[in-house]
Each structure stands twice: as C-alpha cells, then as structure tokens.
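What the coordinates show
As a plain string of letters, each chain reads:
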Amino acid sequence: MSPRRALSALGLGIVSAGLIAACLPWSIEAPGLSRFVSRSLKESWGVSLNASGATEIVLLPLPRITFENVRLDDGAASGATLASGGRLALQLDTAALLTGHVTVESLTFDGGTIHLPQDADDNRWAGLAERMAKGVAENRAHPRRLVLTRSTVTGRDPRDGRPLTANDLELTVVWRSTIALIGGLMWNGERAQFALTELQPHALFEGQSSPFSANLAWPTGALTAEGSGSLGEGGLKATGTGTLRIRSLAGTLAWTGGDIALAPLAEDLTVEGAFEAISREIQFPSVKVTTGGNVLEGAGSADFGGDRNAVQATLAADNLNLSPLLAGLMRLGGFDGDAEPPAWRQRSLALAPLTSGDLDLRISAGNARLGPVQVTDLACGVMVRARGIEASLGRAGLRGGTVKGRVVLASDEGDDGLTRVKAQGHVNGIDLGTLMGDLGGERWVQGTTRGSLVLEGAGRDVGTLTGSLAGRIALRSEDGAITGLDLADMLQRNGTVAPGALARRNGRTTYEHATLSLLIADGVGEVAEGSLVSRALTATVGGRLDLLRRRIEARAEVASRPSGEGTHRPAFTFDLSGPWDGMSVGPAVPARPVENASVQFRRPGADLPLGIRAYAPTSAP
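A quick note: this is a predicted structure, and the numbers were derived from the prediction, not measured.

How each quantity is defined
- Residues numbered from 1 in each chain as written.
- Predicted model: local features only at pLDDT ≥ 70, side-chain atom pairs only at ≥ 80, totals over all residues.
- Heavy atoms only, no water.
- Helix = DSSP H or I, 4+ residues; strand = E, 2+ residues; numbered from the N terminus.
- Buried < 20%, exposed > 50% of the residue type's maximum accessible area, 1.4 Å probe, protein only.
- Contact = heavy atoms within 4.5 Å.
- Areas by Shrake-Rupley, 256 points an atom, 1.4 Å probe, with all protein chains shown as cover.
- Core = buried A, V, L, I, M, F, W, Y, C linked by side-chain atoms within 4.5 Å.
- pLDDT = per-residue confidence, 0-100.
- Polar contact = N/O pair within 3.5 Å; in protein donor to acceptor, adjacent residues only side chain to side chain.
- Pairing = 2+ DSSP bridges.
- Salt bridge = Lys/Arg side-chain N within 4 Å of Asp/Glu carboxyl O.
- Phe/Tyr/Trp six-rings, centres within 6.5 Å; stacked < 30°, edge-to-face > 60°.
- Arc of directions from axis to C-beta.

Details of the overall build of the chain
Of the regular secondary structure elements, the chain holds twelve helices and 35 strands. Looking at the 621 residues of the chain, the share that counts as buried comes to 38%. Taking the contacts inside the chain whose residues are at least 6 apart along the sequence as the reference set, 48% of them involve residues at least 24 apart. Of the roughly 32700 Å² that the chain leaves accessible, carbon and sulfur atoms contribute 56%.

Quick word on the nonpolar core
Among the nonpolar cores identified, the biggest contains 46 residues, and L49, L88, L90 and F109 are the most heavily contacted of them. By residue number, the principal contributor to this core is strand β11 (residues 163–175), which donates six residues. If we skip the residues at most four places from it in the chain, L49 touches S34, V37, S38, L41, F67, V70, R71, L72 and L88. If you look at the next biggest cluster of nonpolar residues, it comprises 31 residues, including V421, L487, L518 and I552.

Observations concerning the environment of G135
Relative to the assigned elements, G135 resides in helix α4 (residues 126–137). Linking G135 and H202, residues 67 residues apart in sequence, is a C-alpha distance of 9.8 Å.

What to know about the confidence of the model for the chain
On average, the chain scores 81 in pLDDT, and the residues at 70 or more come to 80%. The low-confidence segment residues 15–24, where pLDDT is below 50, has nine contacts with residues more than four positions distant or belonging to other chains. For the stretch residues 589–621, pLDDT sits under 50, and the model shows 84 contacts to residues farther than four places along the chain or on other chains.

Brief notes about the side chain of D122
Within the secondary structure, D122 is located in the loop between β9 (113–115) and α4. Within the local environment of D122, its side chain forms a polar contact with the backbone nitrogen of Q118, the two atoms lying 3.0 Å apart.

Notes on the pairing of strand β17 (residues 269–278)
As judged from the ten bridges shared by strand β16 (residues 235–246) and β17, these two strands associate in the antiparallel manner. What sits directly across from T239, in β17, is E276. The pairing of β17 with strand β18 (residues 281–291) spans eight bridges and is classified as antiparallel. If you follow E272 over to β18, its bridge partner there is K288. Remark: two residues form the turn of the hairpin made by β17 and β18, two consecutive strands paired antiparallel; S279 in that turn has positive phi of roughly 60 degrees.

Considerations on the pattern of salt bridges
For the structure on display, the rule yields 21 salt bridges. Two residues, R460 and D415, come together in a salt bridge whose shortest N-O distance is 2.0 Å. Separated by 45 residues along the polypeptide, R460 in the loop between β26 (445–459) and α10 (462–468) and D415 in strand β25 (residues 415–431) bring together distant segments of the chain. Judged by its relative accessible area of 46%, R460 falls in the partly exposed class. Residue classification places D415 among the partly exposed positions, given a relative accessible area of 22%. Close ionic contact of R549 with D546 constitutes a salt bridge, the shortest N to O distance being 3.9 Å. Accessibility expressed as a relative area gives 53% for R549, which makes it exposed. Using a relative accessible area of 17% as the deciding quantity, one classes D546 as buried. Bridged by salt links that share partners, the residues R450, R476 and E478 form one connected network.

Observations concerning the packing of aromatic side chains
The final tally for this structure, using the stated rule, is two aromatic pairs. Centre to centre, the rings of W218 and W255 are 5.6 Å apart; their planes meet at 5 degrees, and the pair counts as stacked. In this pair, W218 is assigned in strand β14 (residues 210–218) and W255 in helix α6 (residues 249–256), connecting sequence segments 37 residues apart. An identical accessibility class is assigned to W218 and W255; each is buried.

Remarks on the pairing of β25
For strand β24 (residues 401–412) and β25, the ladder comprises eleven bridges, and the chain directions are antiparallel. Residue pairing across strands places V403 opposite V427, the latter belonging to β25. Counted between consecutive antiparallel strands, the loop separating β24 from β25 contains two residues. Relative to β26, β25 runs antiparallel, the two being bridged by eleven bridges. When the bridges of β26 are listed, A423 appears paired with L455.

A short note on unusual backbone geometry
Its identity as a non-glycine residue notwithstanding, N188 has a phi of 50 degrees, on the positive side. Looking at the element boundaries, N188 is found in the loop between β12 (179–187) and β13 (190–199). Its identity as a non-glycine residue notwithstanding, R550 has a phi of 60 degrees, on the positive side. Relative to the assigned elements, R550 resides in the loop between β30 (537–546) and β31 (551–560).

Digging into the side chain of T434
Here T434 lies in helix α9 (residues 432–438). Residue T434 is classed as buried on the basis of its relative accessible area of 18%. Separated by 2.9 Å, the side chains of T434 and D431 make a polar contact. The contacts of T434, once residues within four sequence positions are left out, are R399 and R443.

Brief notes about the environment of G447
Note on placement: G447 falls in strand β26. Sequence separation of G447 and G429 is 18 residues, and the distance between their C-alpha atoms is 8.8 Å. The contacts of G447, once residues within four sequence positions are left out, are I430, D431, L432, S477, E478, D479, G480 and Y511.

What about α6?
Among all positions in α6, only L249, T252, L253 and W255 are buried. Seen from one end, α6 has its buried residues packed into an arc of 160 degrees, which puts them on one side. Turned more than 90 degrees off the buried face of α6, the exposed positions are A250 and A254. On its buried side, α6 packs onto β12, β13, β14 and β16. Just past α6, the residue G257 takes up positive phi, approximately 75 degrees.

So, in structure tokens, the structure goes:
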C-alpha cells in the first residue's frame, strides 16, 4: 500500500473513530460545565442549576449533556427549589453552542421531584412563568420538547391547603406553533391519563384566547372538553362544550379526595353541554344530566372555589324514574331488604355524609315514578347547606288528586350526631283505593281523600327519632266504600259475619264520609277522631298507634242510624290489635250480654282490610 493510501486510510479511520466516539456517551467530572450551563439557564429562564453527580456528554448527532442528582432553583434570593433529584438531560442547539451560548432544544427530567407551590404565598414558579411569557412575546428561542419520566410532584390542595403528592408522572410537552401536553400519573393509588392539545402559547401569554382540546380518564370516569380559553388576572377563563361521564360517583370522589352533597344517593352521573368557566366557577347555560337512567335538561352552575363545593341546577324531564333515589333513601334509613327491627332502629341519622357540599336543585317532570307510584306534573326541589337538608314538593298529581309537602332535616347546633326533623304535607282529592293498589296492597277502601300531616322529632338514629315524633295526621274520605266487610249486614246479625267465604268476599260498606285524626306524642298516635257515616249506620274508632313498635290497639263501635220506622238494631263493638302487617279483629262484644260468647269464627286474612289475619265474632243469641 502506498504511503498516500495508508495516510488516507489512517485519516478515515481516525475520523470514523472520532465520529463514533462523539456519538457515545462520556462520563466526566466537570464542575465548570454545570456552572456554564447554569449561567446560561439563569440568563434565559431565571433558573439556577446545581449537580452533585457525574456529568455525561454526547456530541453527535446533537449535543446532549446529562447531569446526575440535580437541583433546579428559581434563581431568586430565596432560592426556592423547583425540581430536585434524578437525571436532567439537555439537548442543545449546535449553532448556539459554537458561539458560547446554551440554547435548550429538548429537556428530559427522569426520576426526580417537581416542587409546586406549598402555600398561597409561595411564588417560586412566578419568575420562570414571567420570563417564558416575555420570551414568547419577543419570539425568543424556547425548548421544543419537554419530557418528564418516573417523576414525583408535590404541592398543596387549593381547596384546603393540605399537602398532596402525585407519583410516577409521565409527561411529554411538544412546543411548536402550538403546545400539546400528553401523559399520565398515579393519584391516590389510581392511574390517570390526560391530554391537552391545540394550545397557542403566543395568545395565552398575551392574554388572548387560545383554542384547546382536553381529555382526562381515570378508572371510574372520563372528561372531554374543547373550546377556547385565556389566562388573566382573574385566573383561567374558558368557554366551550364538554362531557363528564362518571361510572362510580363514590369511586371518583374517593379518588379526587372531594365530595358533593347527597353523594351516597347517586352512583352514575353524566353531564354534557356548553360551559363557561372562570377560575373554579363553572356556568352551564345549557346542560343535559343523566343519572340512574334518567335524562334531564336545563341549566346550572358549580363553584369549587370556597370551603365547600356548591352546585345549583334547574332541570326538567318528560319522564323521571325516582325509584333508585327511593331505594337509596331506604338503604340509608335501614329499611332495605329484610332488615330486622333492631337494624333500622339503630341506623344513624347523622347528616354529615350527605351535607359535604351545598346544593340547590329544582326538578320538574311531566311524569314521574316513585317505586310503584306514578305521579304527574311534578315540581320538587332539594336544598343542602352545611347543617341541614330541605326537600320540598311544590306539587304532584297523584291518582286524581294533588300532593304537596316539605321536609326539613337539621343537625343540632350542639351535637352533629343529633338530627332534628320537621315535616308537613297535604293531599287533596286522591283516589285512595287506586293508590293502595299501586302500593301492592288490597284495595279495601275506596274514596276521594284529602288530608294533612304535621310532624317533628329528633334523634341520633331512626329508632330514637320515631320514638320522639309529635304532631298531627288528619284524613277525610268522601263517597267511598270498604270492601270485604258488610257492616250493615253484621249489624243485622248482631255482630256476626254471614256464613260462606263468597259472602264475606263480596261484602261491601259504602259511606258518605269517613274521618281519622291522630294526635301524636312520643311516637304514639292517639285517635282524636275516627268516624264513618253511611246511609244505614255510623261507626266510631278510638285507640292508639305505636309507631316505634309498629302496633295498633283500637276499638270500633258500629251503630245503626235512626230510620224513623221505630226499628233500631243494637250496637256492637270489636277490637283491632296487633302488628301492622298482622292485625286481628275480635272478639266482637255486643252492647248487651249474649250467651255462647266463647264460640268464635276465624276468617282468612285476605278477607279483611288492613292486612287483618283473623276475625273472631261471637255467635248470635
């Protein structure tokens, strides 16, 4: 080989070796290099760099410097830490580096901790944000790509100031004509993915509006939104459309660490429509809410800026199924399933789980179902505040009549575990028999009914509340009938029932009006007035109703009305006693002594109203 070829080959080999070496990472100890980079970062961004570990350099294809165990400070006199630990890799602009300047093209931070403000007065990131805004306005060079991997973020909860930590942050920021942020993190033990794209940095830093598209997904829900937003002195402002889908409200609230009013009564929730957001307050001029299979439309707002979340909405639906809400209320009250009396009596009535946020909800519906009951023209509302709940029924059409009512629950000022309850209601023109059929019972009474209810009480649990109830219940039914029982025939037979099941089943007592008035004290209702008037007879009822024990002890007297013919049948009385679902009647006691009073006759419970299981009249003389 000639010397010229040998030199050429040697030169090519040296160049190749140099290129290969330039492409390989080299670990060196160069404190001066970190100071050089720190000086440039401070001039450009106002950030100081300190590195206590080894420094790694790669020259080709683009210069890259990697520092171990770094700390980034805000560069001010306070020297507050922005990020610490981990590895910081800076990909530098080659042309700027040849002129002795550091221009970062790409930044990767791996395995470290990002320190967000720790309190309201902590402004450690203000200087960097201000310099970046100024740089964008002056069209200076900026990093094209920012990558965070395996990072931890520490900060504070803006709601109450408590410290918060997010782990395993993966974030990629691509900054060209627009900014896109894509990544994920571990929050409260669950993985969340997020993306924010289409942001225009020039518009944002100049206080103008920028389009955006946002997506957030977590194990129990997802959020999507698009529109335009701006940054100003009042904070974030945004308008657009969005959809919030929550498969498990309880799981989502546990994940976010927040709460809303009446959360235990809802499981799924979807909110979609137009929104206007200013800081942490959101207005919904047009919104559709889906929960429990119901679809409601209207308007509303939400405020997450104070000590308590606040939601206000006015919603309407053509058809509304309130059965899930009824099931939730029964579950909270201990009346779900086959719970034994001790279970429902001991169920706590503390309002704290339901009043963690403020709520002002107004709902109307053309048709609504509450369990087996169908209502029309519904207008109702719920208001929740820190220490109480108020539920109102403005109107509802029910089986030919109307229903109105109001219930107020309030925590005792000196004891949050004690709940005070006040309830009042009014019904007018209801077909009582049809309503009883809707409720799954026997239509043993029919008639147009009106009435009122006023109750109040206090207790720590359902049992003590029931035992403290006081108030009044009054009902009046007109032009009705009692089926399964012919009182006029019994009066003719001196208190005995006609033989044969068919006769008893076909028995019927029509009446002109019937009234019942209960005065309630300490959970026991005394019959203040109980009467029935028909063309042929009158009946009166007296006794008591034990709400806590669910028992009735009463006596009824039936007498014929004077007919003007001089005939008058003797009156007879009978007792009603036992539990509500197994009340018995008898033995009948005539107004005058009779013989063979011990002979009794029992009839099946289906033959008598009110779940009566037994009837035991004496034989006629």
